[in-house]
Amino acid sequence: VKQILKSTSDDIDAPGWDIYTGAGRLNIYNALNVGAPSIIRFEHPTQDFSTNQDSINIVATVLSPYFVNYKLDYGYGLNPDSWLNLIPDGKNQFSNKEIYNFDISQLPDSVYAVRILVNLSNGRTLEERLNFNIIRKAPEVILVNIGPAFYGDKTTALASLYTNQPSVTRMYYRQLGSSGGFNFITLDAFNTNNEFVSYLHYGFIPKQLVTQNSIYQVYLQAENLVGLKTTVIDASSRDSIFIIRTDFNADMAAEYVQPFSLPEGNIFEKPTNFLSNDFNEVLARQLYPSQDVYYSLYKLSGNNFVKVDSIKNKLPKDVGDFNNNGKVDLLSSETGTGFIDEQTGNSAFSFQNKFTDSSNTFWPSFVEYFQDAGKPDIIAFDQRTDTSLSVWKFNSDFSLAGKIPLSNFTPERFNSNLLGIPHAAITDLNTNGRKEFWIIDQDGDLFSYEADGSGGFQKFIQDSTFFISSSEYLTAGDFDGDGTEEIAVLLHSVSGFDIAPFYLLNIYKYSSKSLNLIYQQSFIDASTEFGGGGTFREIDNSIRFADIDNDGVDELILFVFPYSYIFKYNIIDPGEPKIISYKENINSNSIFIGDLNKNNVPEVAFPASGGINFVEFAVSNKASTPYNVAGYSLNSSSIYLTWNGTGQYYYIYRGTNIDSLVLIDSSASKDFTDFNAAVNTNYYYAVQSYDFSKPDPLSNLSTIINIYSHTPGKVISIIGQTRRNIQVTFSERVNNTIENLQ
């Protein structure tokens, strides 16, 4: 069929085959009425053939009732500009015949093209071509990064590298101390072991195969198209093997989900007091198809939110009585324009505009008082330059008193000191009573300005993460409880540099007039896996310090779509904070903290696809919730469960749906086998821990998991199909990806 379509096409553009139109425009009428089709094809080599030998046997078929003669040519590159002749004037037709032994011993390593031109008696010229590669050297490898990374509620080993040749790359791994050999996975991103051939590679050990809180030995290998290999090892290690720890230090806090919730969407980070001083109001954006953006005011009444009214095309940046006149003010922005609006009267959610600037220089971050209370200062980014910012100083009537332009004084790197979304943090790291504000640019450089006490600002500190970033977030808070604040930054990798999509979290402590890194953690960006076909219109992330358990010390809350984490400082091991909360399906550009129900316990809002839920936390009084719950069918009547936790005993719950869980058994270890499963049945399991050292010894239920009880597949037959392929038949349906190759 292919030959019929090509031989009957209408030649267009340059005579004969060309790179833009190929054999020409399809002529279906001619194709359906052809009497004797031409056959011109290469039998060997095939397209993208690769070799490290000195010659190639060219086998082809040329058959046509209109045959006159043929030529065999080759050229340099994928689409050569010029061709060199191998057979100038072939007079005979042939089928599946070796027509030329091509000596390539003097040709340098590269990609080449070879073609057959067949002249026909009807005036047409038919062409068939293919590309082949000469590769005599093993691939050169540049290791971009390798190390541990969070992937949801697991820590795995992540690696990315570049090869100068199209290659398949593999990560070999085994647990330290194991007697077996190395398993491996190919670095095919989220498509494990598909053996993609490319120049850019990243991948990780599938999280279901990684044992937590273990040590793994790892090395990498790149194999090019002719089978030549390069091994990547840790030259600094005694045995040349990378050592990666899969620590996931969790101590899950008790959670109390509140009876009130909001529809799916985004929520502004602060409670508001437009209607009363109870601060039981929130601004939230409900997600629905619209060109406009609406933020609505909701007031908590009992256990329900009452929608009051909405504002249109104004994204809240800060809320408060900025000028101390008893009225609530709103700082907002929208597409290059910044606004300051003041409520028209007490207990009103209507506004009078006090200031508008649409010059693209007033992209506000927040309101602060660096000198005079009642005369607000607003830090705003300049969207015209994307590298500078200003402190806009206002009078108490919101007339502009002045503007202090400030520059990004960090070294200029790849991203030219560009500033992203206006995220900034206010703190006083050196505890001298003068506030600093901190910003991070897309070069990964941190810089800060400190109020000079006379209405101006002076350069304070600049430091670098040495991490080129595509998005940046930062926050300040007292993470270690010593009375001085720390800085936390969240950065996202750039594919052109890091290859692997991941987030990097750094926490810095100020001492000796510099920033010192006290914690660092990578997070695999799972939006590649979860982003398509979801209910969210965009992917959001956020970071915030807040004291959520009233112990006087700030926890770090992190939203990295689709996961959320809450970290608590670990006094015993300061370099390894504890994870006290983990959730999935979370998506938000801000983190709300408030006390809407006025019980003196803060709530954290978790926006998910089902709505915005509000949760209170207690860390010390209640048993820790089990985590990393997993399981699978052992046979047609048994299901095996495992988990992590800190209890003395664990209670096992099971049901045929999420709402029908009942207690079925208990276990003193962190695993359990359910011997009473019915075959071909979906079961839902959860685990609860019992810790007698806690005043409230029973934990919350763990995350509920779904397991299908079935008979595991057995191999029925193995049939060799070609030299490179086999067909394996199983008794049951199985996963078509083999993840633990050896």
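Preceding this section is the structure that the text describes.
Residues numbered from 1 in each chain as written. Predicted model: local features only at pLDDT ≥ 70, side-chain atom pairs only at ≥ 80, totals over all residues. Heavy atoms only, no water.

Asks: Even after reading the chapter, I still don't get unusual backbone geometry, so can you show me in this structure?
Replies: Leave glycine aside and you will find that most residues have negative phi; peptide bonds, for their part, are mostly trans. Look at the link from H44 to P45: it is a cis peptide, with omega at 0°. Within the secondary structure, P45 sits in the loop between β1 (39-44) and β2 (49-51). Even without being a glycine, D386 presents a positive backbone phi close to 65°. Mapped onto the elements, D386 comes out in the loop between β26 (377-381) and β27 (388-394). On the basis of relative accessibility, which here comes to 31%, the residue D386 falls in the partly exposed class. (Helix = DSSP H or I, 4+ residues; strand = E, 2+ residues; numbered from the N terminus. Buried < 20%, exposed > 50% of the residue type's maximum accessible area, 1.4 Å probe, protein only.)

Asks: Can you help me understand the environment of S512 in this one?
Replies: Following the sequence through the fold, S512 ends up in the loop between β35 (502-511) and β36 (514-524). S512 gets classed as exposed once you look at its relative accessible area, which sits at 70%. Taking C-alpha positions, S512 is 37 Å from D595, a pair spaced 83 residues apart along the chain.

Asks: In this structure, what is going on with the sheet that holds strand β38 (residues 555-560)? I would like to understand it.
Replies: If you trace the 4 strands from one edge of the open sheet to the other, you get β37-β38-β39-β40, paired in antiparallel fashion. The open sheet has two edge strands, β37 (541-546) and β40 (578-584), and neither has a second partner. Pairwise comparison of adjacent strand axes, ignoring direction, gives a mean angle of 10° for this sheet. As defined by bridge partners, strand β39 (residues 563-568) adjoins β40 across 6 bridges and the pair is classed as antiparallel. Within the sheet, the bridge partner assigned to I566 lies in β40 and is S581. (Pairing = 2+ DSSP bridges. Axes fitted to C-alpha atoms, helices over the stretch in contact; angles between N-to-C directions.)

Asks: Any chance you could explain the sheet that holds strand β48 (residues 671-674) here in plain terms?
Replies: Read from one edge of the open sheet, 3 strands run β44-β45-β48, paired in antiparallel fashion. Since the sheet does not close on itself, it has two edges, and those belong to β44 (627-635) and β48, each with one partner. Sheet twist, expressed as the average angle between the axes of neighbouring strands with direction ignored, equals 15°. Here strand β45 (residues 638-644) pairs with β48 via 4 bridges, running antiparallel. Across the sheet, L641 pairs through a bridge with F672, a residue of β48.

Asks: What is the right way to look at the environment of S333 in this model?
Replies: Summarising the element assignment, S333 is placed in strand β22 (residues 329-334). Residue classification places S333 among the buried positions, given a relative accessible area of 6%. Spatially, the C-alpha atoms of S333 and N119 are 68 Å apart, while their sequence positions differ by 214 residues. Residues in contact with S333, not counting those within four places in the same chain, are N313, K314, L315, K317, G338, F339, W363 and P364. (Contact = heavy atoms within 4.5 Å.)

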